[in-house]
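Chain by chain, the residues:
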Amino acid sequence: DVKVTQSSRYLVKRTGEKVFLECVQDMDHENMFWYRQDPGLGLRLIYFSYDVKMKEKGDIPEGYSVSREKKERFSLILESASTNQTSMYLCASRTTGAGRETQYFGPGTRLLVL
Amino acid sequence: QKEVEQNSGPLSVPEGAIASLNCTYSDRGSQSFFWYRQYSGKSPELIMSIYSNGDKEDGRFTAQLNKASQYVSLLIRDSQPSDSATYLCAVAPNQGGKLIFGQGTELSVKP
């Protein structure tokens, strides 16, 4: 079974703090993704990575950065947390190849910024 | 026009009935199609993937893909209250690219 794990299930931070969310997958997947999910807005892509040290902006990258130093690990960084970054953060990893692409999500981190 | 469209619901069906969830997409060149189930407060769980036209069955679930009409559907036979969740349709416009998600359809199965 594919395992995508996230470092925290729940997190409470204060405005202005630097926040690290970590995601690890154990299936040697090339692609990894960070989303946030908010009621009424659906899943929105923040950043993704096709390979180690590679990153691409998604739809809402402002206020976030990412790091991928190892293939299995993809970190999301909130440089200076703000209350509008209170959300559910979901990491996903994906294998590619014609007819066999599948994307799996981690359990999510519910972040509250006070 | 949204790239992936789903009826938001809620869709309510009685226990034991067939639930039919539909999804349309705009990119005719899309390659891969997925259905995820998401319980309230939980992360999306992949339940079906389909890559070629026709039907794909897995237990009580059947995914149907029609690329000419640009729609993909999910049928849930013998619906159970435990099937009550939001179902997300996702489409990969090209191989290896990012998935485009619909807004999700909320399904409620009444005992």
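Not measured: the values here are computed from a predicted model.

Peer 1: Is there a simple way to think about the overall build of chain A in this case?
Peer 2: For chain A, the helix and strand inventory stands at zero helices and 11 strands. Beginning at the N terminus, the succession of helices and strands in chain A can be written as β-β-β-β-β-β-β-β-β-β-β. What you see for chain A is a C-alpha radius of gyration of 14 Å, in line with the 13 Å of a compact globule of 114 residues. Its C-alpha atoms give chain A principal-axis dimensions of roughly 45 × 30 × 25 Å. Of all 114 residues assigned to chain A, the portion counted as buried reaches 51%.

Peer 1: I'm lost on the side chain of T62 of chain B in this one. Help?
Peer 2: All names here are of chain B. Mapping T62 onto the fold places it in strand 7 (residues 61-66). Judged by relative accessible area, which is 6%, T62 ranks as buried. At 2.7 Å, the side chain of T62 forms a polar contact with the side chain of R77. Excluding residues within four positions of it along the chain, T62 makes contact with M48, D55, K56, E57, S73, L74, L75 and R77.

Peer 1: What is the right way to read the nonpolar core from this model?
Peer 2: Within the largest apolar cluster, 24 residues are counted, with the highest numbers of intra-cluster contacts made by W35, V72, L74, I76 and Y87 of chain B. Elements supplying a minimum of two residues to this core: strand 3 (19-25), strand 4 (32-38), strand 5 (45-50), strand 7, strand 8 (71-76), strand 9 (85-92) and strand 11 (105-110) of chain B. By size, the runner-up hydrophobic cluster in this structure holds 20 residues, among which are V4, V66, L76 and C91 of chain A.

Peer 1: I'm lost on the sheet that holds strand 8 of chain B in this one. Help?
Peer 2: Residues and elements named next belong to chain B. Spatially, the five strands line up as an open sheet ordered 1-3-8-7-6, and their pairing is antiparallel. Two strands bound the open sheet, and with one partner strand each, they are strand 1 (4-6) and strand 6 (54-58). Here the strands of the sheet are splayed against their neighbours by 20° on average, with no regard to which way each runs. Here strand 6 pairs with strand 7 via five bridges, running antiparallel. Residue G54 lies in a different strand from strand 7, and its bridge partner there is L65.

Peer 1: Please explain the pairing of strand 11 of chain B as it appears in this structure.
Peer 2: On a regular strand, one side chain projects to one face of the sheet and the next to the other, so that they alternate. Residue and element names in this part refer to chain B. As paired strands, strand 2 (residues 11-14) and strand 11 are joined by four bridges and run parallel to one another. Opposite S12, over in strand 11, you have S108 as the bridge partner. In the sheet, strand 9 pairs with strand 11 via three bridges, with the strands oriented antiparallel. Counterpart to Y87 in the pairing with strand 11 is T105.

Peer 1: Where do I start with the sheet that holds strand 3 (residues 19-25) of chain A in this structure?
Peer 2: Whenever strands of a sheet pair, they do so through backbone hydrogen bonds, lying parallel or antiparallel. Residues and elements named next belong to chain A. Strand order across the open sheet formed by four strands is 1-3-8-7, with antiparallel pairing between neighbours. Among the strands making up the open sheet, the edge pair consists of strand 1 (4-6) and strand 7 (64-70). When strand polarity is set aside, the average angle formed by the axes of neighbouring strands in this sheet is 20°. Inspection of the sheet shows strand 7 paired to strand 8 (residues 73-78) by five bridges, in the antiparallel sense. From the neighbouring strand, S67 faces strand 8, where its bridge partner is S75.

Peer 1: Mind showing me how you'd approach a nonpolar patch on the surface here?
Peer 2: Residue and element names in this part refer to chain A. A surface patch of nonpolar side chains, amounting to about 260 Å² of accessible area, comprises V12, L112 and L114. Mapped onto the fold, L114 is located in the segment after strand 11 (109-113). You can call L114 partly exposed: its relative accessible area is 46%.

Rules used throughout
- Residues numbered from 1 in each chain as written.
- Chains lettered and ligands numbered in written order.
- Predicted model: local features only at pLDDT ≥ 70, side-chain atom pairs only at ≥ 80, totals over all residues.
- Heavy atoms only, no water.
- Helix = DSSP H or I, 4+ residues; strand = E, 2+ residues; numbered from the N terminus.
- Rg over C-alpha atoms; globule rule 2.2 N^0.38 Å.
- Buried < 20%, exposed > 50% of the residue type's maximum accessible area, 1.4 Å probe, protein only.
- Polar contact = N/O pair within 3.5 Å; in protein donor to acceptor, adjacent residues only side chain to side chain.
- Contact = heavy atoms within 4.5 Å.
- Core = buried A, V, L, I, M, F, W, Y, C linked by side-chain atoms within 4.5 Å.
- Pairing = 2+ DSSP bridges.
- Axes fitted to C-alpha atoms, helices over the stretch in contact; angles between N-to-C directions.
- Patch = residues over 30% accessible without salt bridge, like charges linked within 9 Å, V, L, I, M, F, W, Y side chains within 5 Å.
- Areas by Shrake-Rupley, 256 points an atom, 1.4 Å probe, with all protein chains shown as cover.
- Salt bridge = Lys/Arg side-chain N within 4 Å of Asp/Glu carboxyl O.

The analysis is restricted to geometry; functional conclusions fall outside its scope.
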